[in-house]
Amino acid sequence: MSSELINQFVEKKSVDALNEFITSDDSKKIGEASILVADVLGTGDAFVPVADSAKDGEAKLLSSFHKNLLLLIQKTWVEEFDEELKEEVLYHLEEFNKKMEDKAYDEAYSLFLGIVSDVVYLMFGAQTKNPEFDEYALRIDPEFGLFWWYIKSLPKDAVWNKDKCRLAILLGMYFLANY
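Note that the structure is predicted; figures quoted are calculated from it, not measured.

Draft legend 1. Inspection of the side chain of histidine 66 at higher detail. The residue histidine 66 is located in helix H5 (residues 57-75) in this model. Judged by relative accessible area, which is 13%, histidine 66 ranks as buried. Aside from chain neighbours lying at most four places away, what touches histidine 66 is Leu93, Glu94 and Asn97.

Listed below in structure tokens is the structure:
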């Protein structure tokens, strides 16, 4: 997504926060940046207790996310040729849920990104492969567009520690569970 386009929707400090989140190895900076990114995604202070690993918010979020995404996938009408993908996504969602329950965040990370991309494809079809989809998403629904910007900004195969993977996943899950 072009910086010109995203700057029409978010402040520079938010773009900087996402960059800090992605590039930093400092736990404190990552945590602070995740809260700023949560603000961009519309979750704000409500994300703080979920991000705090000492609280029980993660288990509740996982349950809510799982139920909501399962319902969304099951209710999404797709062409016959996409039925197999729909079944694969449902399988991957269960696999992802198990990895999250086992706290294998580094293994769950790439699964999460794949699930989100596949679900967005099931909802919007082949236009998601079009480079103009990013702008389309921002224009039709800025909240979703910002979420999509977040997902597309994350590296597909990040070699991050478990805590950073956890926060990256939780930010996306929180948005989807409350969207």
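Draft legend 2. Quick peek at the packing of aromatic side chains. The tally for this structure, following the rule as stated, stands at 14 aromatic pairs. Seen from their ring centres, phenylalanine 47 and tyrosine 174 are 6.1 Å apart, and the 80 degrees between their planes marks the pair as edge-to-face. Separated by 127 residues along the polypeptide, phenylalanine 47 in helix H4 (residues 47-51) and tyrosine 174 in helix H10 (residues 162-178) bring together distant segments of the chain. Each member of the pair, phenylalanine 47 as well as tyrosine 174, carries the same accessibility label: buried.

Draft legend 3. Structural detail: the pattern of salt bridges. All told, the structure shown has six salt bridges when counted by the stated rule. Residues glutamate 58 and arginine 166 are paired through a salt bridge, measuring 2.7 Å at the closest nitrogen-oxygen approach. With glutamate 58 in helix H5 and arginine 166 in helix H10, the pair connects residues that are 108 residues apart, well separated along the chain. On the basis of relative accessibility, which here comes to 10%, the residue glutamate 58 falls in the buried class. A salt bridge links glutamate 107 to lysine 99; its shortest N-O distance comes to 2.9 Å.

Analysis parameters
- Residues numbered from 1 in each chain as written.
- Predicted model: local features only at pLDDT ≥ 70, side-chain atom pairs only at ≥ 80, totals over all residues.
- Heavy atoms only, no water.
- Helix = DSSP H or I, 4+ residues; strand = E, 2+ residues; numbered from the N terminus.
- Buried < 20%, exposed > 50% of the residue type's maximum accessible area, 1.4 Å probe, protein only.
- Contact = heavy atoms within 4.5 Å.
- Phe/Tyr/Trp six-rings, centres within 6.5 Å; stacked < 30°, edge-to-face > 60°.
- Salt bridge = Lys/Arg side-chain N within 4 Å of Asp/Glu carboxyl O.

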